[in-house]
2 protein chains.
Amino acid sequence: MPVTVLLVDDEPLVRAGLRAVLEAQPDIEVVGEAADGAAVIPLVRQLRPDVVAMDVRMPLLDGIEATRAVLRTVAEPPKILVVTTFENDEYVYEALRAGADGFLLKRARPAEIVHAVRLVAEGESLLFPASVRRLAAEYGEGDGNRAARAVMERAQLTEREAEVLRLMARGLSNAEIAERLVVGTETVKSHVSAVLAKLGARDRTQAVIAAYESGFVAPG
Amino acid sequence: MPVTVLLVDDEPLVRAGLRAVLEAQPDIEVVGEAADGAAVIPLVRQLRPDVVAMDVRMPLLDGIEATRAVLRTVAEPPKILVVTTFENDEYVYEALRAGADGFLLKRARPAEIVHAVRLVAEGESLLFPASVRRLAAEYGEGDGNRAARAVMERAQLTEREAEVLRLMARGLSNAEIAERLVVGTETVKSHVSAVLAKLGARDRTQAVIAAYESGFVAPG
DNA sequence: GATCGTCTCCCCCGTGCGGGGGAGGCTCGC
DNA sequence: GCGAGCCTCCCCCGCACGGGGGAGACGATC
């Protein structure tokens, strides 16, 4: 059974782009489109998508309000993936507070977009740490950090995973972590993979960046 | 021609350990030992070692004063590698300010110790980022950070290398950095290798940690 | 008793990474 | 003119890493 997606964006071009990227995957199916947040609720009720890819800036009802509305009124709501255009970062953590499961920059590569859809469909919350870093760097203090912190809290790492992430953030290799925790390297690899998936990180470097950006570990 | 090393530590056991580790390498030769900082200067003049591995805490003349004395009085002074026992972190950045080229925890693995000696012998300054992180975590704010910052300043990254490190700290892969800088991936690999060598980092994750710990990049 | 989540360990497999070399072209300063 | 430093690109090579599977043991929860 494929992952079903509903696209919500006021720009037809963006919808077409997302559709092209997602439908290229055999396990993802775009079941509908909407041009405004106001149209989302009936469509969600009718189509029962697994994931809603939702723009934040839209006329009538923006992505944040639409997210709140969906989560408030729909039983077994879909996962909400907030799509942002890079300029409107302050909306991002608002959306996360509203209950969105992750966000994504429009300028992300196709592979990243596909990855994001699959991850939220599986119930993982995510962000791309590098994206947060970029946002934070370009729009003053605070917001990017709050967004990252919000995602880290939502990441729901288990105790063991958090322990592994802390050791990763101290520069240890898998073998060294295994030695430290007195377990096998395969076990460590399992935990590392879980951490990467939950944080939406591609590799251990991005995971460590997320740890710093979110305040999970602090410099100095 | 092998790298020649002078060992300076008041504990014979530590000297014996360092000697065993270093002499196991065909390209490293321990040419002398001293039990106190006061004996260092004549020995340096006589033996002309490439590297002095110096403990910080010693009777009569500590490692910091000994470092200052050597650099002040000897022409073409050797590289100074400060060996610390983990408890005395506040001495570390003092030693770096005094002109030491790097430091090393006694509990480092043999391979790391050898690596450190080779690096400083080649003229690179270094530290082990994970070690700094550890120090900083265990002894409040400031000191570890200052030590890391001092090393980062001493690392003398070129403009290009600094640019590459910034992109590494945003989670980009070598291929992505190459794309961004409009150069080949082999070029990026060269820069990355240079950054790792200068920072004494084993992999890109440790380099990013060093970047955060030193304030080279800042979270939020 | 059955289910779920966590922690543990195992397999295969591709590839990005990093070490080890080398080399040409460029600018700058001596 | 000549070297030093930097940037660029190339080769070979081993390995840690990470994806994608699966599976057993344990405790908590239902």
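See above for the structure.
Residues numbered from 1 in each chain as written. Chains lettered and ligands numbered in written order. Predicted model: local features only at pLDDT ≥ 70, side-chain atom pairs only at ≥ 80, totals over all residues. Heavy atoms only, no water.

Q: Summarise the pattern of salt bridges; cite the residues concerned and give the values.
A: All names here are of chain B. All chains considered together, the criterion is met by 14 salt bridges over all chains. Of the charged contacts, one joins E33 and R19 as a salt bridge, the two residues approaching to 2.8 Å between their closest N and O atoms. With E33 in strand β2 (residues 28-34) and R19 in helix α1 (residues 12-23), the pair connects residues that are 14 residues apart, well separated along the chain. The residue E163 makes a salt bridge to R160 at a minimum N-O spacing of 3.1 Å. Taken together, the positions of E163 and R160, both in helix α8 (residues 159-168) and three residues apart, correspond to about one turn of that helix. (Salt bridge = Lys/Arg side-chain N within 4 Å of Asp/Glu carboxyl O. Helix = DSSP H or I, 4+ residues; strand = E, 2+ residues; numbered from the N terminus.)

Q: Account for the packing of α8(B) against helix α9 (residues 174-181) of chain B, with residues named and values stated.
A: Residues and elements named next belong to chain B. Direction vectors running N to C along α8 and α9 enclose 125°, while the axes themselves pass 10 Å from each other. Considering the angle they form, α8 stands oblique to α9. You can see that α8 and α9 cross each other, and the crossing is right-handed. Across from R160, E163, V164, L167 and M168 in α8, the residues of α9 making contact are I177, R180 and L181. Classifying every residue of the contact of α8 with α9 gives five nonpolar, no polar and three charged. (Axes fitted to C-alpha atoms, helices over the stretch in contact; angles between N-to-C directions. Parallel < 35°, antiparallel > 145°, perpendicular 65-115°, else oblique. Left-handed = near helix turned anticlockwise from the far one by under 90°. Contact = heavy atoms within 4.5 Å. Nonpolar A, V, L, I, M, F, W, Y, C, P; charged D, E, K, R; others polar.)

Q: Outline the environment of B:G102, listing residues and values.
A: The topology assignment puts B:G102 in strand β5 (residues 102-105). The spatial distance from the C-alpha of B:G102 to the C-alpha of B:L81 is 5.1 Å, given a sequence separation of 21 residues.

Q: So what's going on with the protein's contact with DNA strand C? Which residues, and what values?
A: Residues in contact with DNA strand C amount to 18 residues; listed here are only the nearest, A:T158, A:G184, A:T187, B:K189 and B:R204. In DNA strand C, atoms within 4 Å of the protein come from the sugar-phosphate backbone in 67% of cases. One of the side-chain N or O atoms of A:T187 is found 2.5 Å from a phosphate oxygen in DNA strand C. A distance of 3.4 Å separates a phosphate oxygen of DNA strand C from a polar atom in the side chain of B:N174. (Near = heavy atom within 4 Å. Polar contact = N/O pair within 3.5 Å; in protein donor to acceptor, adjacent residues only side chain to side chain.)

Q: Give a detailed account of the packing of aromatic side chains, specifying residues and quantitative values.
A: A full pass over the atoms with the stated rule returns one aromatic pair over all chains. On the basis of an interplanar angle of 5° and a centroid distance of 4.3 Å, the ring pair of A:Y212 and B:Y212 is categorised as stacked. Of this pair, A:Y212 sits in helix α11 (residues 204-214) while B:Y212 sits in helix α11 (residues 204-214), each in a different chain. B:Y212 matches A:Y212 in its accessibility class, with the two residues each being buried. (Phe/Tyr/Trp six-rings, centres within 6.5 Å; stacked < 30°, edge-to-face > 60°. Buried < 20%, exposed > 50% of the residue type's maximum accessible area, 1.4 Å probe, protein only.)

Q: Tell me about the protein's contact with DNA strand D, and name the residues and values.
A: Neighbouring DNA strand D are 17 residues; A:K189, A:R204, B:T158, B:G184 and B:T187 lie closest to it. If you look at DNA strand D and keep only atoms within 4 Å of the protein, 67% of those are sugar or phosphate atoms. Between DNA strand D and B:T158 there is a distance of 2.7 Å, counted from a phosphate oxygen to a side-chain nitrogen or oxygen. In this structure, B:R160 approaches DNA strand D through a side-chain N or O atom, which is 2.8 Å from a phosphate oxygen.

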